[in-house]
Amino acid sequence: MELVIEKMVQGGVGLSRLSDGRVCFVSQALPGERVRVALSREAKDYTEAKIVDVLEASPLRIKPKCPLYEKCGGCSLQHISLGSQVQFMAEMAKETFLRIGKTSLPDSFEVHHGEPWHYRHRARVFRGPEGWGFRAENSHRLISFDECPVLTQSLNEFLHQENIKKIRARELQLFDNGAGRVSYYYKGMTPEEQRLYSDNSVSVLDRSISMDASVFFQSNLSLLPTLVHRVRTLAFEGEWLIDLFSGVGFFASLLEDRFSRVTTVERDKYCLRHAKLNLKKSAEQVTAPAEQWLSENTMSAPAVLIVDPPRTGLPADALKAISEGQIQKLIYVSCNPVTLARDTLLLKNAGFQIKTVEGFAFYPHTPHLEMLLVLERG
Ligand SMILES: C[S@@+](CC[C@H](N)C(=O)[O-])C[C@H]1O[C@@H](n2cnc3c(N)ncnc32)[C@H](O)[C@@H]1O
């Protein structure tokens, strides 16, 4: 059937409507385009479709750079320039905040962006018959590649090394520190092997941060300093910095000089070894779920709370504790505008107001957007 695309919505897909009124999400379609599609999914109140033919193309459509664009699905926005992607990301975030968070983002809402290619310093690859590859989106199908244009050159070269090709693990986690060391981790490594092959350190602004390839670390190292700089500017001096979902103590290590008391809370016990190296001895480092720590501790007014949860957003118990507690200032770093919008609505109902909101295109060519939100009470 033929459809005309109204707009781009969350997930980077085009929205249209079928003649029976159901919405249809068309992947890789741009606003204003007339496309011939085949339905790939039919639910009661919505449908999904794939393009068979672009009948009238948007002037924004460009030729994707990667030969695996159709197969891999990892960079589903490669048919648009980064400049246009950033505009769409801003529009999608605004639409999501209005729909889910009942909140209008300001017209000035800005999405910072960096390099379009070779930006990704962290990757998870899987073993297939032809060597290491990615899993195709929403499937277990393995996509092998010679060169991935979003991975750093060092990661691409690393995967071609004979000793790395021979590793018999099913899955490999890689991290390129951007200064000559690529480290890797697979399940079953001994602690000694982990120290030799997985440990790494990254320089961010004026700090060297200890981490390893098995734990979380931001993957876009060229844009990361911009986010850190904004967080530093916005987290004015206070007495107590509480960094929840702290990973290896990332934000706390870059902010600790401004606070007399620092607490970090992270669930992954493997982060602690690094957090101990990254933070002053006086910092209190807790290995526990953030929601548990929040429900067992009282946060007094001069504390600044920074949260950086996974895609699922803040757990309900954490939201409840923050809403009922006395925190005045909350810095929320999020990798999912949908859960951020949901949590914003609840926090606004608990008396918080948005002071600052910015976007960071940490994952060019994908519809994912990192966001920084500062909320204050009173
Ligand atoms: C998006 S990462 C952020 C890490 C760190 N702030 C950084 O920038 O490197 C989210 C972190 O939250 C941790 N995590 C997930 N659920 C958690 C929970 N309920 N309580 C505490 N930490 C959690 C993960 O292990 C991960 O390290």
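Our subject in this report is the structure included herewith. Everything numeric in this text was worked out from a predicted model, so none of it was measured. (Residues numbered from 1 in each chain as written. Predicted model: local features only at pLDDT ≥ 70, side-chain atom pairs only at ≥ 80, totals over all residues. Heavy atoms only, no water.)

Let's shift gears to the site of the ligand. Near the ligand lie 16 residues; those nearest to it are Phe-245, Glu-266, Ala-290, Glu-291 and Asp-308. In this structure, a nitrogen atom belonging to the ligand sits 3.1 Å away from a side-chain N or O atom of Glu-291. Protein burial of the ligand: of its 600 Å² of free accessible surface, 92% is covered by the chains. Secondary structure elements with two or more residues in the shell around the ligand: helix H7 (250–255) and helix H9 (290–296). Here the residues of the shell around the ligand are counted per class, giving 9 nonpolar, 2 polar and 5 charged. (Near = heavy atom within 4 Å. Polar contact = N/O pair within 3.5 Å; in protein donor to acceptor, adjacent residues only side chain to side chain. Areas by Shrake-Rupley, 256 points an atom, 1.4 Å probe, with all protein chains shown as cover. Helix = DSSP H or I, 4+ residues; strand = E, 2+ residues; numbered from the N terminus. Nonpolar A, V, L, I, M, F, W, Y, C, P; charged D, E, K, R; others polar.)

In this structure, His-118 is a non-glycine residue whose phi angle is positive, near 55°. Mapped onto the fold, His-118 is located in the loop between strand E7 (111–113) and strand E8 (122–128). A relative accessible area of 25% places His-118 in the partly exposed class. Not every positive phi belongs to a glycine, and Leu-205 is a case in point at roughly 50°. Mapped onto the fold, Leu-205 is located in the loop between strand E13 (199–204) and strand E14 (207–212). (Buried < 20%, exposed > 50% of the residue type's maximum accessible area, 1.4 Å probe, protein only.)

Attention now goes to the side chain of Thr-152. With respect to the helices and strands, the residue Thr-152 is situated in the loop between strand E10 (142–144) and helix H3 (153–159). For Thr-152, the residues in contact, after removing those within four places along its chain, are His-118, Arg-120, His-121 and Asp-176. (Contact = heavy atoms within 4.5 Å.)

Within the open sheet, the 6 strands sit side by side as E1-E5-E6-E4-E3-E2. Their pairing is mixed. Looking at strand neighbours, the two that pair on one side only are strand E1 (2–4) and strand E2 (7–9), the edges of this open sheet. On average, adjacent strands in this sheet sit at an angle of 50° to one another, irrespective of strand direction. As paired elements, E1 and strand E5 (residues 34–42) share 3 bridges and run antiparallel to each other. Within E5, the position partnered with Glu-2 by the bridge is Arg-36. (Pairing = 2+ DSSP bridges. Axes fitted to C-alpha atoms, helices over the stretch in contact; angles between N-to-C directions.)

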